[in-house]
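# Architecture and fold: a report
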Amino acid sequence: MDKVKPVLLSVLNILKGWFTDRRVVKWLIIFAIPVLAAFIAVIAVYNHFSPELPSLSQLEQINPRLVTNIYDMNGKIAHEYFVERREWVSFDSIPENAIHAVMATEDRAFYNHWGMNVWAIPSAIIESALSGKQLRGASTLTQQLTKLLFLTPERSIARKIKEAMTAIRIEQTYTKQEILEFYMNEVYLGGGNYGFQAAGKYYFGHALDSLSIPEYAVLAGMLKAPESYRPDRHPKASLERRNTVLYAMYDAGYISKEDYHKYVATPIVLAEKEPEK
């Protein structure tokens, strides 16, 4: 204790000197005012939008709409009844490469953020300014899931605020694996298909765990604009988008350079099915 006292006295003397120096006090006030204002603004925004957010019970009871299959006497599907064509797949049954295809393009920092990525927006703005390309989305997978489950598709600052706040609540309620499971099963992938399992069977005729990396890239590429990148209706656009996803997977370190070149040379082969009426 005797050794600590001189240190404490020294610190107190320094602080005393600071707070008796008008210039120091002036700068402290200048810095403190915006910090205090920002804190008050955050509290005000939270109190304003909090009543409009999903309740804890809603977050804990997410019930997806699934397909009801009617089978014939030979065990084959005779008819499907559904509002949304979806077949739920547990996280353990989702291939890692399918998740990598999504994370490479949508949210590489998924395992490192708490619902929103505060660096993604300025990064997207700088990237757009330097490349001259359209501003890419900066929403995390959790924010995208929030839009799918709870919010309307309107574009407004209020909705973005509610999206971020709900995403944080989802991260507090579910594990990262559970969030990925919801996301991979909830996203719309064109043709009335929701989730990667239903879309994989619809476009390629195989279950999700039987698809190839280029096929995962096709599905992940559709997240940006599902109907515009449908491989059965827009093969050229789908191929270009798939290759963009494959490059993102290479850039993120999920596939090698050799595999990237091999995959981009692979044609998209779709399952044969009756034309849509």
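One can find the structure itself at the top, above this paragraph.
The following refers to the structure shown.

The rules behind the values
- Residues numbered from 1 in each chain as written.
- Predicted model: local features only at pLDDT ≥ 70, side-chain atom pairs only at ≥ 80, totals over all residues.
- Heavy atoms only, no water.
- Buried < 20%, exposed > 50% of the residue type's maximum accessible area, 1.4 Å probe, protein only.
- Helix = DSSP H or I, 4+ residues; strand = E, 2+ residues; numbered from the N terminus.
- Contact = heavy atoms within 4.5 Å.
- Phe/Tyr/Trp six-rings, centres within 6.5 Å; stacked < 30°, edge-to-face > 60°.
- Lys NZ or Arg CZ within 6 Å of the ring centre and 35° of its normal.

Here we take up helix H10 (residues 213–221). Among the 9 residues in H10, 9 count as buried, and that is most of the element. Within H10, the full set of buried residues consists of Ile213, Pro214, Glu215, Tyr216, Ala217, Val218, Leu219, Ala220 and Gly221. Where H10 is buried, its residues touch helix H4 (96–106), helix H9 (196–204), helix H11 (235–251) and helix H12 (257–264).

Right, let's get into the packing of aromatic side chains. Here the structure, examined in full by the defined rule, presents 8 aromatic pairs. With a centroid separation of 5.1 Å and 80° between ring planes, the pair formed by Tyr174 and Phe182 is classed as edge-to-face. Both residues of the pair, Tyr174 and Phe182, count as buried. The interplanar angle of 75° and the centroid separation of 5.7 Å between the aromatic rings of Tyr247 and Tyr260 together place this pair among those described as edge-to-face. Taken together, the residues span a long stretch of sequence, with Tyr247 in helix H11 and Tyr260 in helix H12 at a distance of 13 residues. Feature note: the residues Trp88, Tyr174 and Phe182 constitute an aromatic cluster, connected by ring pairs. The ring of Phe110 has Lys176 sitting right over it, with the charged end atom 4.4 Å from the ring centre. Above the plane of the ring of Tyr229 lies Arg241, whose end atom (NZ or CZ) is 5.9 Å from the centre.

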